[in-house]
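Listed here are the chains, written in short residue letters.
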Amino acid sequence: MPFWIAASLAAALFQTIRFMLQKKLSVSTLTPTGSTFARFAYALPFIWLGTWIYLRVTDQVFPSLNIAFWGWAALGGVSQIAATICLVALFAHRNFAVGVAFAKTEVIMTVLVGLALLGEGIDLVAWGAILIGVLGVLVLSLKPDTGHGALRQLGSRAVVLGLGSGLLFAFSSVGYRGATLNVLSDDPILRGGITLACVISMQVLAMLVWMGTRDPNEISRVWAARKWAVWIGITSVCGSLGWFVAFALQTAALVKAIGQIELIFSIAASALFFKEVISRREYVGIALLLISILALIWTIS
């Protein structure tokens, strides 16, 4: 199995664990902005420490970073924050499931954005596998009572926010891919780690300025939640490093397509740890996603 596929699968698994921790620990004292900041802030020291240790163990020096790197990294970081804001805004709408379903078109948008910005396309077989995966995601996301209403609600605010978040996440993934390609090193782990460390640093700084001017007390609440939030930060680093290493080796579109297995991990976690029942519709969606992912692995391997 190619290393980038293993990195993508590991990233999806760690991201699922992070979501489980967030659900189980329920840091309910924080606002959505505070929760997002906590994820970045508590991840920051671990990624820099890990990068420093990796440089020492492998006897490498910190690579030089050009202007193009910082441009791509800024594009990825800002787009990720904006995309998260769009997703949080979806919670205020009754047709939340419809909006989220349209947000899951992120993989297709990543193909188009990657082609436009980096000139990285995919072949027809990969396109077919991705479309099967998107169909599986839609089956998982759209509940029976909202599925028929999805097309009628194309102009709704929830759909606009969903499509907006999908597009912004696509720009984020392509931005990170572009940043890793501009780290002057042949080591994909180092390229991914350096990019992640720099991106999180920029995100923490930007959110500190934002929260400092809008709600300084939220920063104190984030610190008060450190007992549990630190574990979210650790799993966030592990997951994000997997994504960034994969981006250093493969196009963003294929990485995100493989990463959709996260939905299967999440459903499995819901059934095994939270004792939630899996519906027939969810089994169909899981089957479609598995077909898509296995087809991609078979095509690329």
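Here, every reference points to the structure presented above.
Each chain carries its own residue numbering, running from 1 in the written order of its sequence. Local features in this predicted model are restricted to residues of pLDDT 70 or higher, and side-chain atom pairs are both shown and tallied only at a pLDDT of 80 or more, whereas totals for entire chains, interfaces and linings draw on every residue. Side-chain measures were taken over the full set of non-hydrogen atoms in the model, leaving aside hydrogen atoms and water.

Undergrad: I'm lost on the overall build of the protein chain in this one. Help?
TA: Note on conventions: DSSP H or I runs of at least 4 residues are helices, E runs of at least 2 residues are strands, and numbering of each starts at the N terminus. Along its length, the protein chain carries 15 helices and zero strands. Excluding contacts between residues fewer than 6 apart, the proportion of contacts in the protein chain whose partners are at least 24 apart in sequence is 87%. Working note: accessible area of the protein chain is about 14500 Å², and carbon and sulfur atoms make up 70% of it. Only heavy atoms matter for contacts: two residues are in contact if any of them lie within 4.5 Å across the pair. Per-residue accessibility takes into account occlusion by the displayed protein chains alone, with areas from the Shrake-Rupley method and a 1.4 Å probe.

Undergrad: Whenever I open this one, the packing of helix α5 (residues 106-118) against helix α13 (residues 252-259) confuses me. Can you help?
TA: Axis angle and axis distance: for two packed helices, these are the angle between their axes and the distance between the axes, and together they describe the pair. Throughout, an axis means a line fitted to C-alpha atoms (over the contacting stretch in the case of helices), and angles, computed between N-to-C directions, take values from 0 to 180 degrees. Contact geometry of α5 with α13 gives a least axis separation of 8 Å together with a crossing angle of 170°. Considering the angle they form, α5 stands roughly antiparallel to α13. Between α5 and α13, the contacting residues are E106, V107, T110 and V111 on the first element and A252, A253, K256 and A257 on the second. Roughly parallel refers to an angle under 35 degrees, roughly antiparallel to one over 145, roughly perpendicular to one between 65 and 115, and oblique to any angle outside these ranges.

Undergrad: Would you mind going over the nonpolar core with me for this structure?
TA: In this structure, W4, I130, I200, V222, W243, I258 and L296 are the most contacted members of the largest nonpolar core, which totals 66 residues. Element by element, the count of residues in this core is highest for helix α10 (residues 188-214), at ten residues. In this structure I200 touches F40, A43, L44 and I47, once residues within four positions along its chain are discounted. We call a set of buried residues a nonpolar core when its members are Ala, Val, Leu, Ile, Met, Phe, Trp, Tyr or Cys and they connect through side-chain atoms within 4.5 Å of each other. The rule is simple: take the accessible area with a 1.4 Å probe, protein chains only, and divide by the maximum for that residue type; under 20% is buried, over 50% is exposed, in between is partly exposed.

Undergrad: Would you explain α13 in this entry?
TA: Burial analysis of α13 places eight of its eight residues in the buried class, which makes it a mostly covered element. Along α13, the residues that are buried comprise A252, A253, L254, V255, K256, A257, I258 and G259.

Undergrad: So what exactly am I meant to see when it comes to the pattern of salt bridges here?
TA: Note that side chains of opposite charge can pair when their charged atoms are close. We define a salt bridge as a contact between a side-chain nitrogen of Lys or Arg and a carboxyl oxygen of Asp or Glu at a distance within 4 Å. Under the counting rule described, the total for this entry stands at four salt bridges. Here the residues in one salt-bridge network are D215, E218 and R221, joined through shared partners.

Undergrad: In this structure, what is going on with empty space enclosed by the protein? I would like to understand it.
TA: The method works on a 1 Å grid over the protein atoms by themselves. A cavity is a set of points holding a 1.4 Å probe that cannot get out, a pocket is an open set with protein on both sides within 12 Å along at least five of seven lines, and residues with an atom within 4 Å of a point line them. Grid points are joined across faces, edges and corners, and a volume is the space filled by probe spheres set on the points. Tallied over the entire structure, the rule returns one cavity of 30 Å³ or more. Taken as a whole, the largest cavity spans an internal volume of roughly 40 Å³. Elements with a contribution of two residues or more to the lining of the largest cavity: α5, α9 (157-181) and α13. Considering each element in turn, the lining of the largest cavity owes the most residues, four residues, to α5. Charged residues are taken to be Asp, Glu, Lys and Arg, nonpolar residues to be Ala, Val, Leu, Ile, Met, Phe, Trp, Tyr, Cys and Pro, and polar residues to be all remaining types, Gly included. A per-class count over the lining of the largest cavity returns five nonpolar, three polar and two charged.

Undergrad: How should unusual backbone geometry be read in this particular structure?
TA: Generally, phi is negative for residues other than glycine and the peptide bonds are trans, each holding for most cases. Not every positive phi belongs to a glycine, and D59 is a case in point at roughly 55°. Tracing the backbone shows D59 in the loop between α2 (32-57) and α3 (67-90).

Undergrad: Can you walk me through the packing of aromatic side chains in this structure?
TA: Given two aromatic rings, their pairing is described by the distance between the two centres and the angle made by the two planes. The rule is short: rings of Phe, Tyr and Trp, with Trp giving its six-membered ring, pair when the centres are within 6.5 Å, and they are stacked under 30 degrees, edge-to-face over 60, tilted in between. In total, this model carries four aromatic pairs according to the counting rule given. Where F244 meets F247, the ring centres are 6.3 Å apart and the plane angle is 65°; that geometry is what we call edge-to-face. Here F244 and its partner F247 are both found in helix α12 (residues 226-249), three residues apart, which amounts to about one turn of the helix. The same class applies to F244 and to F247, which are both buried. Each residue in the set Y176, F244 and F247 is aromatic and connected to the rest through ring pairs, giving one cluster. A ring is considered to have a charge above it if a Lys NZ or an Arg CZ atom is located within 6 Å of its centre and within 35 degrees of its normal. Geometry around W243 places K256 over its ring, the cationic atom sitting 5.0 Å from the centre.

Undergrad: How should the side chain of Q203 be read in this particular structure?
TA: Its location among the elements puts Q203 in helix α10. Setting aside its immediate chain neighbours within four residues, Q203 contacts F40, G77, Q80, I81 and Y176.

Undergrad: What is the right way to read the environment of L115 from this model?
TA: Here L115 lies in helix α5. Residue L115 is classed as partly exposed on the basis of its relative accessible area of 48%. Along the sequence, L115 and V174 sit 59 residues apart, while their C-alpha atoms lie 9.4 Å from each other. L115 has contacts with E120 and G121, leaving out every residue within four places of it along the chain.

Undergrad: Please clarify how a nonpolar patch on the surface should be interpreted in this entry.
TA: Patch construction takes residues with relative accessible area above 30% that form no salt bridge. Like charges are linked within 9 Å, and nonpolar side chains (Val, Leu, Ile, Met, Phe, Trp, Tyr) are linked within 5 Å. On the surface, L49, W52, I53 and V57 cluster together into a nonpolar patch covering about 430 Å² of accessible area. Relative to the elements of secondary structure, V57 occurs in helix α2.

Keep in mind that these numbers describe shape and distance, not what the molecule does.
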